[in-house]
Amino acid sequence: MTQTFDSIDSLIGRLKAVARQVEADEATTEPPPFAYRERFGELLDDTVDPLRVSDPLRPRLEELVAARHGDEIFLQRVYRTLMGRDADHDGLSHYLGVLPHAGRLYVLAELLCADEARDYLARHGVTVPRRGMLTLPFRLVGRLGPLGRALRPPMRLAYRLASIAVRPRMRLLERIASREGRAERRDILMRDVLIELDGELQRQQTAGNVHEQRLKAHDERFAEQAESAQQQSQRIDAIERHQPALWSALQQHRRAVERLVEPPAAAPTTQAGEQLDQDLLDAYYLAFEDACRGSEAAIYAHLRQYRPQWDQALEVGNRALDLGCGRGEWLQLLAEQGFAPHGVDLNVAMIDHCRDAGFEVEHGDIIQALRQQGTDSHALISAFHLAEHLPFAALYAMIDEAQRVLAPGGVLIVETPNPENLLVGSHTFYHDPTHLNPLTPTAMSFLLRYLGFADVEVRRFNPYPEEAKVPGDDPLTERVNGHLCGPQDFAVVGRKAAPADARLLEAASGDDTPAEEAQP
């Protein structure tokens, strides 16, 4: 009986759940080996940040006054504690001028009254001791209106005298707080060092047994793998012995069926019902692009990865044609880079969208649009996620006409979903009902070379994020991730050969087998 799953995503989810369970079973809370050495370094490091307070949520008043430090350190410490940022140049210059006349208590009180400080303290739950007493004169003066401005000079003098009076005490209290903080930090570090040393001794005692068990397990696994390899070799030998007979029998059955079964006569077809209005379908497809392909900003960011191609094209000229221009993200980027771009699309809604954005576009068939262009007239031709919509005859004609229209040295870019990713080739490719068949990098590379393009290369984009991958770094897991989570799109790019490349193309035309593309 065959086990089925709702989707490949369901299978991946089950694999990840098993991997997480294994990691949980093997999890350990022990610190990494030799972590105590880092603790020793911290214990010996006596460096103290002069802008740091012992507790940012409950700073001491003596730490804010910073009587043991200069004015700039005082201002920077107060700004960081009360506003969560460094002092700006204007504020620093202003208060450095105020300090000699008003003192630090005045500046601290004024900053405590600032809207930015009040918002920061309330938002982060910072408690400043004696805040009400420090700011009381400012609040009283503020209520007096014009009279309060006249009281400012004597208030500054009072703050200045208070700052001078409390400075010795503040200096002593700050020194005590600093030493208490250092002693507490050293006690914590010493305790951590002792705990980690004890753990290190225990690890050393058990390491020998662990290594012996691992070696034994490796030997057992190696023996199992050797036995499994031998069994696989025997199966392969048996298959190779029976393969010719099976293939011959299959061909005989096929020929017998072809002789006995004739295809039924084609019945005349009639169109059942009225077709949906094309404008409605075009509007649907524009909404589908927005929902499933990604936002215009996301596509614009992805297209910036083609800088090497547009830089190469600009060496030839600035005329660019985008086939199936869609919402116009590529047209916008080309215009910003100095091209004179124009686009063509069959979707009326897309054309209206591009024209509203100010782009030069036309509604029509891409093959006809190419045939209307002059020979050697463009530096760049592009087709993003268009090839998979075309029958092969139309795709062939598009590449062939693009080769004629491009100037020598001009660049062709064709981007399409990447079926090397199994989720793309078997699932997400068919989200779009207008897709026909996936196209492989090998087939597209050969088509460009066959039609005369030089320097053909494949570029791959948009792999699944790391969190979507099956955990593990063994070869089997890497192969599974490569096939299920690899790049979701690829582009084949080529350059129209200049006359000097003619002999190289003629020599290459005799090779019917394209180079194998790298697999994800």
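Presented here is a report on the structure given in the accompanying data block.

1. Some thoughts on a nonpolar patch on the surface
There is a patch of nonpolar side chains on the surface, built from Leu 144, Leu 147 and Leu 151 and spanning about 250 Å² of accessible area. Mapped onto the secondary structure, Leu 144 falls in the loop between α8 (131–143) and α9 (146–150). Overall, Leu 144 belongs to the partly exposed group, its relative accessible area being 40%.

2. Things to note about the environment of Gly 482
Position of Gly 482 among the secondary structure elements: in helix α20 (residues 475–485). Residue Gly 482 is classed as buried on the basis of its relative accessible area of 11%. C-alpha of Gly 482 to C-alpha of Leu 422: the two residues are 60 residues apart in sequence and 9.2 Å apart in space.

3. Considering the packing of aromatic side chains
A full pass over the atoms with the stated rule returns 10 aromatic pairs. Note on Tyr 106 and Phe 138: the rings are 5.1 Å apart at their centroids and 45° apart in plane angle, and the pair reads as tilted. Remark: Phe 138 occurs in helix α8 and Tyr 106 occurs in helix α6 (residues 104–112); sequence separation between them is 32 residues. Across the pair, Phe 138 and Tyr 106 agree in class, each one buried. Arranged with centres 5.6 Å apart and planes meeting at 75°, the rings of Tyr 106 and Tyr 159 form a pair that is edge-to-face. Here Tyr 159 lies in helix α10 (residues 152–260) and Tyr 106 lies in helix α6, a separation of 53 residues in the sequence. Relative accessible area serves as the criterion here: at 7%, Tyr 159 is assigned to the buried category. Put simply, the rings of Tyr 306, Trp 310, Trp 330, Phe 384 and Phe 461 touch in pairs and so form one group of aromatic residues. Above the face of the Tyr 306 ring, Arg 459 is positioned so that its terminal group lies 5.6 Å from the ring centre.

4. Remarks on helix α14 (residues 329–336)
Helical geometry: 3.6 residues make up each α-helical turn, so side chains three or four residues apart lie on a common side. Those residues of α14 lying buried are Glu 329, Trp 330, Leu 331, Leu 333 and Leu 334. Phi for Gly 338, located one or two positions after α14, is positive at around 100°.

5. A few points about the packing of helix α12 (residues 296–303) against α14
The interhelical angle for the contact between α12 and α14, taken along N-to-C directions, is 50°, at an axis separation of 9 Å. It follows from the interaxial angle that α12 and α14 lie oblique. Between α12 and α14 lies a crossing whose hand is right-handed. Counted together, Glu 296, Ile 299, Tyr 300 and Leu 303 of α12 and Glu 329, Trp 330, Gln 332, Leu 333 and Glu 336 of α14 form the full contact between these two elements. Along the lines of polarity and charge, the residues of the contact of α12 with α14 split into 5 nonpolar, 1 polar and 3 charged.

So, how was this worked out
- Residues numbered from 1 in each chain as written.
- Predicted model: local features only at pLDDT ≥ 70, side-chain atom pairs only at ≥ 80, totals over all residues.
- Heavy atoms only, no water.
- Patch = residues over 30% accessible without salt bridge, like charges linked within 9 Å, V, L, I, M, F, W, Y side chains within 5 Å.
- Areas by Shrake-Rupley, 256 points an atom, 1.4 Å probe, with all protein chains shown as cover.
- Salt bridge = Lys/Arg side-chain N within 4 Å of Asp/Glu carboxyl O.
- Helix = DSSP H or I, 4+ residues; strand = E, 2+ residues; numbered from the N terminus.
- Buried < 20%, exposed > 50% of the residue type's maximum accessible area, 1.4 Å probe, protein only.
- Phe/Tyr/Trp six-rings, centres within 6.5 Å; stacked < 30°, edge-to-face > 60°.
- Lys NZ or Arg CZ within 6 Å of the ring centre and 35° of its normal.
- Axes fitted to C-alpha atoms, helices over the stretch in contact; angles between N-to-C directions.
- Parallel < 35°, antiparallel > 145°, perpendicular 65-115°, else oblique.
- Left-handed = near helix turned anticlockwise from the far one by under 90°.
- Contact = heavy atoms within 4.5 Å.
- Nonpolar A, V, L, I, M, F, W, Y, C, P; charged D, E, K, R; others polar.

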